[in-house]
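Listed below are the residues making up each chain.
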Amino acid sequence: MKDTKPPVIISTNTQYNNSLKKDVITVEANDIGVGLHNSAYSFDNGKTWQSDNYFVVNDDNKDNLVIIVRDKLGLQTEGIKIYWWEKIYSFSFSLNFSS
């Protein structure tokens with residue numbers, strides 16, 4: 001059976017990290033086919049990829065946050081644009097799929 005389904009972003013969570021004094025975005029994703037790529041996470045619309053599912057938000061990157069997750073075949077989620085406001089304290093969303 002061929003895997004034709006991209007991964008799914010289950011949730012994101014943004015919280016302020018007191019030790020870093022910065023906001024950190026964490027993504028939870030899965031892929032029921034071949035599994036997630038070793039560098040599955042992009043926070044800049046696919047320009048760069050990383051293995052960590054979290055991202056530290058800085059002044060120079062907060063305006064271009066688009067989360068994409070890919071699997072081992074290169075299939076990708078749709079990009080999720082994160083809009084940033086100075087007074088954000090926490091943000092999260094989750095998707096629930098029922099059969």
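I will try to describe carefully the structure that is included in this document. If you're wondering where the values come from, they're calculated on a predicted model, not measured in any experiment. (Residues numbered from 1 in each chain as written. Predicted model: local features only at pLDDT ≥ 70, side-chain atom pairs only at ≥ 80, totals over all residues. Heavy atoms only, no water.)

Moving on, we come to the nonpolar core. In terms of nonpolar packing, the biggest core is built from 14 residues, with Ile-25, Val-27, Tyr-41, Phe-43, Leu-65, Ile-67 and Val-69 touching the most fellow members. Counting only elements with at least two residues in this core, the list comes to β2 (22–30), β3 (36–42) and β5 (65–71). Beyond its immediate chain neighbours, meaning those up to four positions away, Val-69 contacts Pro-7, Ile-9, Val-27, Ala-29, Leu-36, Ala-40, Tyr-41, Trp-49, Leu-75, Gln-76 and Thr-77. (Core = buried A, V, L, I, M, F, W, Y, C linked by side-chain atoms within 4.5 Å. Buried < 20%, exposed > 50% of the residue type's maximum accessible area, 1.4 Å probe, protein only. Helix = DSSP H or I, 4+ residues; strand = E, 2+ residues; numbered from the N terminus. Contact = heavy atoms within 4.5 Å.)

Pairs of aromatic rings are described using the distance from one ring centre to the other and the angle between the two planes. Summed over all chains, the structure comprises one aromatic pair. Ring centres of Phe-43 and Phe-55 lie 4.9 Å apart, and the angle between their planes is 15°; on these two criteria the pair is classed as stacked. One end of the pair, Phe-43, is in the loop between β3 and β4 (54–56); the other, Phe-55, is in strand β4, and 12 residues separate them in sequence. Look at Phe-55 and you get buried, because its relative accessible area is 17%. Over the aromatic face of Trp-49 sits the side chain of Arg-70, whose NZ or CZ is 4.1 Å from the ring centroid. The ring of Tyr-83 carries the charged tip of Lys-81 above its face, separated from the ring centre by 5.5 Å. (Phe/Tyr/Trp six-rings, centres within 6.5 Å; stacked < 30°, edge-to-face > 60°. Lys NZ or Arg CZ within 6 Å of the ring centre and 35° of its normal.)

As a further point, take the side chain of Asn-61. Within the secondary structure layout, Asn-61 lies in the loop between β4 and β5. By relative accessible area, which is 17% here, Asn-61 ends up buried. In this structure Asn-61 touches Phe-55 and Val-56, once residues within four positions along its chain are discounted.

This part is about the side chain of Thr-77. Among the structural elements, Thr-77 can be located in the loop between β5 and β6 (80–82). Classification of Thr-77 as buried rests on a relative accessible area of 11%. Sequence-distant contacts of Thr-77, defined by excluding residues within four places in its chain, comprise Pro-6, Pro-7, Val-8, Ile-9, Ile-67, Ile-68 and Val-69.

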